[in-house]
Each structure stands twice: as C-alpha cells, then as structure tokens.
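Given next are the chains, with one letter for each unit.
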Amino acid sequence: MNSTANNRLIFLGFIAAGFTNLFGMLAASEFFSNSAFHELSPEVFSPFGTFMVMVWGLAYLAVAKQAHQLPAICFVFAFEKAIYVYTWVIWISSKSDMLPIIQEETPLLALFYSSYGLIDLAYALFFAWVGIRALQK
C-alpha cells in the first residue's frame, strides 16, 4: 500500500474513532438521559466520564489529518484506549451475569456493555500501529 493510501486509511480510522466516541456515548447513554448507563459503571461512565469520552473523540478528529506524523499522540491514544479495555475486562468479569437482565430492559445498553472493550481494543491496536508507522518515517 502506498503512502497516500496509508495516510487515507489512517485519516479514516481516526474519523471513525472520533465518531464512535461521540455518537457511541450519545446513543448508549440515550443523550445522557439513561441513568442505568451511568449507574452500571459510575467510575468510568458517570455523566462527567461520558462527556470526557466524547472529548477524547474530538481529539481524534482534531488530529486525523496529521496523525500519521504524530507518533507520541498516537501512543497516548493507544494507552488511553488500553485503560478502557482494562476497565471493561474488570466490568465484564464481575458483572457480565447482569447482561441478560439488561438485554431484556435495554438491548442497546447490553450491547454497549458487552462490546465496548473489544471496540476499544481494536482502536488501541490501530493507534499503536499508526504510532509505530509514524516512528518509522
């Protein structure tokens, strides 16, 4: 893959990550109105925490065009995503038995809590890959 195609892929990956954070939080929290969303993991997804996830999304969008030249920020983003993967592993290992109950009441909420760590893992690996590529240039 040539440099232009790689840069386009990186740009689109950062745009996807930004929109995932922005619209994912709005959808899962039902525009901050679903108290169960916040109560299931108040350490991570309090209203403030949810808002801060959206701020991270804005950061991804802000550097999308230059990300292929910014290894340090890519590694910061990869580390940030790894922290969310860690919180998800802790949550899923201690509370996954709640998912069927959540599924009956709010399927979107169950989908979010059952998968956000896997999505964040994919983005963590993507950000790390971009950081490594940027270092190699």
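Anyway, here's the lowdown on the structure attached to this text. (Residues numbered from 1 in each chain as written. Predicted model: local features only at pLDDT ≥ 70, side-chain atom pairs only at ≥ 80, totals over all residues. Heavy atoms only, no water.)

**As for the overall build of the protein**
Short version of the rule: To qualify as a helix, a DSSP run of H or I must reach at least 4 residues; to qualify as a strand, a run of E must reach at least 2; elements of each kind are numbered from the N terminus. Within these notes, the globule rule equals 2.2 Å times the number of residues to the 0.38 power, and the radius of gyration is based on C-alpha atoms. Buried residues are those whose accessible area, probed at 1.4 Å on protein chains only, stays under 20% of the maximum for their type, while exposed residues exceed 50% and partly exposed ones sit between those limits. Contacts are assigned to residue pairs that have any heavy atoms within 4.5 Å of one another. Note that accessible areas follow from Shrake-Rupley with a 1.4 Å probe, and for residues the cover is restricted to the protein chains shown.
Secondary structure summary: the protein contains seven helices and zero strands in total. Start at the N end of the protein and walk to the C end: the helices and strands fall as α-α-α-α-α-α-α. The C-alpha atoms of the protein give a radius of gyration of 16 Å, which matches the 14 Å a tight globule of 137 residues would have. Counting only C-alpha atoms and orienting by the principal axes, one finds that the protein spans roughly 50 × 25 × 25 Å. By the burial criterion, 43% of the 137 residues in the protein qualify as buried. Long-range pairs, those at least 24 residues apart, make up 73% of the contacts in the protein between residues at least 6 apart in sequence. Surface summary for the protein: the accessible area is close to 7400 Å², and the carbon and sulfur share equals 71%.

**Brief notes about the packing of helix α1 (residues 3-28) against helix α4 (residues 47-63)**
Let me state the cut-off plainly: Axes here mean lines fitted to C-alpha atoms, for a helix over just the part in contact, with angles spanning 0 to 180 degrees between N-to-C directions. Roughly parallel means an angle under 35 degrees; roughly antiparallel means over 145; roughly perpendicular covers 65 to 115; every other angle is labelled oblique. In a left-handed crossing the near helix is turned counterclockwise from the far helix by less than a right angle, and in a right-handed crossing that turn is clockwise.
Direction vectors running N to C along α1 and α4 enclose 160 degrees, while the axes themselves pass 7 Å from each other. When the axes of α1 and α4 are compared, the pair comes out roughly antiparallel. The handedness of the crossing between α1 and α4 comes out as left-handed. Contacts from Phe-14, Ile-15, Ala-17, Gly-18, Phe-19, Asn-21, Leu-22, Met-25 and Leu-26 in α1 reach Thr-50, Val-53, Met-54, Trp-56, Gly-57, Leu-58, Tyr-60, Leu-61 and Val-63 in α4.

**What to know about α4**
Put simply, the test is: Helix span is expected to be 1.5 Å times the residue number reduced by one.
For α4, spanning 17 residues, the distance from its first C-alpha to its last is 25 Å, which sits close to the expected 24 Å at 1.5 Å a residue. Listed in full, the buried residues belonging to α4 are Gly-49, Thr-50, Val-53, Met-54, Gly-57, Tyr-60 and Val-63. As for α4, its buried residues are in contact with α1, α2 (35-40), α3 (42-45), α5 (71-95) and α7 (107-136).

**Regarding the packing of α1 against α7**
It is at 11 Å that the axes of α1 and α7 come closest, and there the two elements cross at 155 degrees. When the axis of α1 is compared with that of α7, the two are roughly antiparallel. Regarding α1 and α7, the two cross each other, and that crossing is left-handed. Residues Asn-6, Leu-9, Ile-10, Gly-13, Phe-14, Ala-16, Ala-17, Thr-20, Met-25, Ala-27 and Ala-28 of α1 pack against Leu-108, Leu-109, Phe-112, Ile-119, Tyr-123, Phe-126, Phe-127, Trp-129, Val-130 and Arg-133 of α7.

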